Amino acid sequence: MITLSLDFSIKPIQQPLRRIPIALEEKFERKINEALVQDIIQTVVGPSSWISPIVPYVFKGNGKMRLCVDMRRANHAVLRENYPLPTFESVMTKLREAKIFSRLDLKWAYHQLELDEESREITTFITHKGLFRYKRLMFGINSAPGESAMKSRIRAKVWWSLVDREVEAYVSQSNNPEPMKRHASPDGPWQCVAADLLGPLPNSDYVFVLILYYYSRYQEVKYLRRITSEIIITVLNEIFCRLGIPKSIRADIGRQFVSGEFRNFCDDHNITLITTPPYWPQANGEVENMNRSLVKRLKIAHNNRRDYVKEIQNFLLMYNVTPHGTTGTPPTELMFNRVIRD
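Predicted model only: the values in this text are computed from it and were never measured. Numbering of residues begins from 1 in every chain and follows the order in which that chain's sequence is written. Owing to the predicted nature of the model, reporting of local features is limited to residues with pLDDT of at least 70; listing and counting of side-chain atom pairs is limited to 80 or more, with chain, interface and lining totals taken over all residues. The basis for every side-chain value is the complete set of heavy atoms in the structure, and neither hydrogens nor water enter the calculation.

(A) Expanded view of the pattern of salt bridges. In what follows, salt bridge is the name for a side-chain nitrogen of Lys or Arg lying within 4 Å of a carboxyl oxygen of Asp or Glu. Scanning all chains against the criterion turns up 13 salt bridges. Glutamate 34 is the partner of lysine 31 in a salt bridge, and the nearest nitrogen-oxygen pair spans 3.4 Å. With lysine 31 and glutamate 34 both in helix H1 (residues 22-37) and three residues apart, this pair spans about one turn of that helix. The buried label applies to any residue whose accessible area, calculated with a 1.4 Å probe on protein chains only, is under 20% of its type's maximum; exposed applies above 50%, and partly exposed to all values in between. Judged by its relative accessible area of 33%, glutamate 34 falls in the partly exposed class. Here arginine 306 and glutamate 311 are joined by a salt bridge, their closest N and O atoms 3.4 Å apart. When its relative accessible area of 46% is taken as the criterion, arginine 306 is described as partly exposed. Look at glutamate 311 and you get buried, because its relative accessible area is 13%. Look at the salt bridges and you will find they share partners, linking Glu220, Lys222, Glu238 and Arg242 into a network. Helix and strand labels come from DSSP, where a helix needs a run of H or I of at least four residues and a strand needs a run of E of at least two; each type is numbered from the N terminus.

(B) The arrangement of the side chain of serine 119 in detail. For serine 119, the location among the structural elements is in the loop between helix H2 (88-94) and strand E5 (125-127). Given a relative accessible area of 1%, serine 119 falls into the buried group. At 2.9 Å, the side chain of serine 119 forms a polar contact with the backbone nitrogen of leucine 4. Any pair of nitrogen or oxygen atoms within 3.5 Å is treated as a polar contact; in protein, a donor-acceptor pairing is required on top of that, and neighbouring residues in sequence qualify only through side-chain atoms on both sides. There is a polar contact of 2.6 Å between the side chain of serine 119 and the side chain of aspartate 116. Between two residues, a contact is recorded if the distance between any of their heavy atoms is within 4.5 Å. Setting aside anything within four residues of it in sequence, one finds serine 119 in contact with Ile2, Thr3 and Leu4.

(C) Spotlight on the confidence of the model for the protein. Chain-level statistics for the protein give a pLDDT mean of 79 and a share of 75% at 70 or above. Each residue carries a pLDDT score, the predictor's confidence in it, ranging from 0 to 100. For the protein, the element scoring lowest by mean pLDDT is strand E3 (residues 58-59), at 52; helix H7 (residues 260-268) scores highest, at 94. Taken together, the stretch residues 175-180 has pLDDT below 50 and engages in five contacts with residues farther than four places along the chain or on a different chain.

(D) Broad picture of the packing of aromatic side chains. In this analysis, rings of Phe, Tyr and Trp, with Trp reduced to its six-membered ring, are considered paired at centre separations within 6.5 Å, and the interplanar angle assigns stacked below 30 degrees, edge-to-face beyond 60, and tilted for intermediate values. If you walk through the whole model with that rule in mind, you get nine aromatic pairs. Measuring from ring centre to ring centre gives 6.4 Å for tryptophan 190 and phenylalanine 240, while their planes differ by 75°; the resulting arrangement is edge-to-face. Of the two residues, tryptophan 190 sits in the loop between helix H4 (163-174) and strand E7 (192-198) while phenylalanine 240 sits in helix H5 (residues 229-243), which places them 50 residues apart along the sequence. Neither tryptophan 190 nor phenylalanine 240 differs from the other in exposure class; each is buried. Note on phenylalanine 240 and phenylalanine 265: the rings are 6.3 Å apart at their centroids and 10° apart in plane angle, and the pair reads as stacked. Of this pair, phenylalanine 240 sits in helix H5 while phenylalanine 265 sits in helix H7; the two residues are 25 residues apart in sequence, bridging distant segments of the chain. The pair phenylalanine 240 / phenylalanine 265 is uniform in exposure class, with both members buried.

(E) The sheet that holds strand E10 (residues 248-251), seen in detail. In this scheme, strands are said to pair when DSSP sees at least two bridges between them. Spatially, E9-E8-E7-E10-E11 is the arrangement adopted by the five strands of the open sheet, whose pairing is mixed. Whereas interior strands pair on both sides, the edge strands pair on one side only; in this sheet they are strand E9 (219-224) and strand E11 (272-275). Taken over all neighbouring pairs, the strand axes of this sheet differ in orientation by 20° on average, direction set aside. Helix axes are fitted to C-alpha atoms over the stretch in contact, other axes to C-alpha atoms as well, and angles between N-to-C directions run from 0 to 180 degrees.

Pasting the structure below:
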């Protein structure tokens, strides 16, 4: 049983819900249910002094989601415990006379260590499904678990004389990131665009959403069967030959947008690639709002057995000629200096 050392002079904070992309909701809910069944987390009934947001954007190499809680604010109240980690040399010396060995299962890492009741409230996190809290130790509690894990992984591959000190310095810098800066508003159309993928749809298609993010809110949608960097570049080339090359593209950290191929494409066209920070999904909020509207139209088309392509086309025409709630002007008027006929 693990007891966290807490500084009760720190005032608890209840942070608001941090919404996740529509495309990730189903996968995220499966992850929550999986953690409940495995007795890793529990549902919270009633108020909680501590509430932290989730960050479900960290994917493992096999494509599975890892549930992460942004504990940066809560960690101010968690006292770091210093424990001298054994070195490889000291362990090997003690094992010199050993003849019988056992294997330790570390598949679930910190989740194998149960938290006592008093230590669980500070792990409470908020989702669109309500409040949950951890019953077991989780990655993200202060920097000492992250830090020790990093040291272990590095020692397994390489070693140098100052490895511990340099890892500690790196983790210390990581815990104090520079404040986020919002994107400056452009002074004309087709300068800053945002891109995202929605799907897969029931027929295995994906929806590629391109929105003129900060100025006109004009939008285009393409349907893709494959979502490689090469395919997305082909679609962008077709759009750019009609509308010109923008100054920047904002996208999430999906593999299609952070690949070397896509970065080279942006460099060749003098486009600044801006990736949405994992801890700040609101940075691509306009696209997420558009995704919700598209999902709603897709559900209507599916339930009424309509052609979803035609349904989305009708929706886009209506959207692009209707005054936007933020700008007060139809997107096509700001984009083309005229309102297209509907």
